[in-house]
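One letter stands for each residue in the lines below.
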Amino acid sequence: MAEIIAVAVITVLAVISPGADFAMIVRNSYLYGRTAGLFAAVGISLGVLVHVTYTMLGVGLLLSRTPALFTVVKIVGACYLVWIGYKTFSARAEINTTAEAVGTESRASRRRSLRTGFLTNALNPKTMLFVVSTYTQVVDRDTPLAQQVGYGLFMSLAHLIWFGLAAGLFSAPALRSRMLRRQKTLNRTIGAILMAFGLSLVFASA
């Protein structure tokens with residue numbers, strides 16, 4: 001029971017802590033609408049399962065015990081955050097705020113939002129650290145396989161619920177309309193945040 005509670009608490013704290021995944025949800029939700037935001041949330045939850053899968057297969061333990069390899073993985077993830085942050089920061093195309101145009105943009109962005117959400121967490125060093133440390137330090141070796149799988153599914157579901165709620169909030173018509181009128185400023189702010197996350201990881205790995 002203590003192990004279950006520990007995993008649950010660590011998961012909730014990891015999910016709600018600000019990070020690149022939250023910035024990405026805000027970006028997709030206010031720019032492209034609720035559906036795009038929800039697709040990004042699904043992508044983020046699927047990205048968590050990538051870390052769960054390789055950790056359960058033993059790769060996570062290898063990463064935690066091989067500093068050089070661990071650093072390389074962190075730098076790759078950090079570079080992705082810097083790249084997507086730069087693209088967001090430098091985006092110049094404005095989203096038309098009319099209902100027809102916004103609806104079209106949302107339909108066109110679903111697959112892209114799913115992919116972006118997935119890559120954001122699949123390559124997110126913060127998520128990697130959370131999953132690997134939980135499975136290697138909190139989950140016992142004697143924990144049944146089915147229970148370990150359950151932990152992974154819970155981690156994924158927790159991300160889906162939290163970021164699904166965030167997508168609903170930032171795509172709410174009144175708030176979204178106000179945010180779209182300031183999209184240049186918001187894009188630069190979100191882009192700068194993503195780049196800052198990435199650069200901090202690069203320097204931390206140096």
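Preceding this paragraph is the structure being described.
Residues numbered from 1 in each chain as written. Predicted model: local features only at pLDDT ≥ 70, side-chain atom pairs only at ≥ 80, totals over all residues. Heavy atoms only, no water.

Draft legend 1. Structural detail: the environment of Thr53. Structurally, Thr53 is set in helix 3 (residues 34-56). Separated by 99 residues in the primary sequence, Thr53 and Gly152 have C-alpha atoms spaced 8.2 Å apart. Of note is the side chain of Thr53, whose polar atom sits 2.7 Å from the backbone oxygen of Leu49. (Helix = DSSP H or I, 4+ residues; strand = E, 2+ residues; numbered from the N terminus. Polar contact = N/O pair within 3.5 Å; in protein donor to acceptor, adjacent residues only side chain to side chain.)

Draft legend 2. Structural context of the packing of helix 1 (residues 2-16) against helix 7 (residues 125-138). It is the contact of helix 1 with helix 7, at a shortest axis distance of 11 Å, that shows an interaxial angle of 170°. The angle between helix 1 and helix 7 places the two elements in the roughly antiparallel class. Within the contact between the two elements, helix 1 uses Glu3, Ala6, Val7, Ile10, Thr11 and Ala14 and helix 7 uses Lys126, Phe130, Thr134 and Val138. Of the residues contributing to the contact of helix 1 with helix 7, the split by class is six nonpolar, two polar and two charged. (Axes fitted to C-alpha atoms, helices over the stretch in contact; angles between N-to-C directions. Parallel < 35°, antiparallel > 145°, perpendicular 65-115°, else oblique. Contact = heavy atoms within 4.5 Å. Nonpolar A, V, L, I, M, F, W, Y, C, P; charged D, E, K, R; others polar.)

Draft legend 3. Broad picture of the packing of helix 2 (residues 20-32) against helix 8 (residues 145-170). For the pair helix 2 and helix 8, the least separation of the axes is 8 Å and the interaxial angle reads 40°. In terms of axis orientation, helix 2 runs oblique to helix 8. Here helix 2 and helix 8 pass one another in a crossing that is right-handed. Residues Asp21, Phe22, Ile25, Val26, Ser29 and Tyr30 of helix 2 form the contact with helix 8, whose participating residues are His159, Trp162, Phe163, Ala166, Ala167 and Phe170. Along the lines of polarity and charge, the residues of the contact of helix 2 with helix 8 split into nine nonpolar, two polar and one charged. (Left-handed = near helix turned anticlockwise from the far one by under 90°.)

Draft legend 4. View of the environment of Ala40. Counting through the fold element by element, Ala40 comes out in helix 3. Taking the C-alpha atoms as reference points, Ala40 and Ser29, separated by 11 residues in sequence, lie 8.5 Å from one another.

Draft legend 5. Focus on a nonpolar patch on the surface. A contiguous nonpolar surface patch, about 840 Å² in accessible area, is contributed by Met1, Ile4, Ile5, Val9, Val12, Leu13, Ile16, Phe154 and Trp162. Per-element accounting of the nonpolar patch gives the leading share, six residues, to helix 1. When you line up the elements, Met1 lands in the segment before helix 1. Judged by relative accessible area, which is 73%, Met1 ranks as exposed. (Patch = residues over 30% accessible without salt bridge, like charges linked within 9 Å, V, L, I, M, F, W, Y side chains within 5 Å. Areas by Shrake-Rupley, 256 points an atom, 1.4 Å probe, with all protein chains shown as cover. Salt bridge = Lys/Arg side-chain N within 4 Å of Asp/Glu carboxyl O. Buried < 20%, exposed > 50% of the residue type's maximum accessible area, 1.4 Å probe, protein only.)

Draft legend 6. The arrangement of the side chain of Asn121 in detail. As for its placement among the helices and strands, Asn121 is situated in helix 6 (residues 99-122). On the basis of relative accessibility, which here comes to 0%, the residue Asn121 falls in the buried class. A distance of 3.2 Å separates a polar atom in the side chain of Asn121 from the backbone oxygen of Ile44. Filtering out sequence-adjacent residues up to four positions away, Asn121 remains in contact with Asp21, Ile44, Gly47, Val48, His51, Thr127 and His159.

Draft legend 7. Just the nonpolar core, in detail. Ranked by internal contacts, the top residues of the largest apolar core, which has 18 residues, are Val26, Tyr30, Ile190 and Leu194. Those elements that place two or more of their residues in this core are helix 2, helix 5 (67-90), helix 9 (173-180) and helix 10 (183-205). No other element matches the seven residues that helix 2 contributes to this core. When neighbours within four sequence positions are excluded, Ile190 is seen to be in contact with Ala23, Val26, Arg27, Tyr30 and Thr88. (Core = buried A, V, L, I, M, F, W, Y, C linked by side-chain atoms within 4.5 Å.)

Draft legend 8. A look at the packing of aromatic side chains. Per the counting criterion, the structure on display carries two aromatic pairs. Consider the rings of Phe22 and Phe170, whose centres lie 6.0 Å apart with planes at 80°: the pair is edge-to-face. Of this pair, Phe22 sits in helix 2 while Phe170 sits in helix 8, and the two are 148 residues apart along the sequence. Judged by centre distance (6.1 Å) and plane angle (45°), the rings of Tyr80 and Trp83 are tilted. A residue pair is termed a helical-turn pair when its members lie 3 or 4 positions apart in one helix, as Tyr80 and Trp83 do in helix 5 at three residues. For Tyr80, a relative accessible area of 10% gives the class buried. (Phe/Tyr/Trp six-rings, centres within 6.5 Å; stacked < 30°, edge-to-face > 60°.)

So far we have only geometry, and geometry alone does not tell us how the molecule works.
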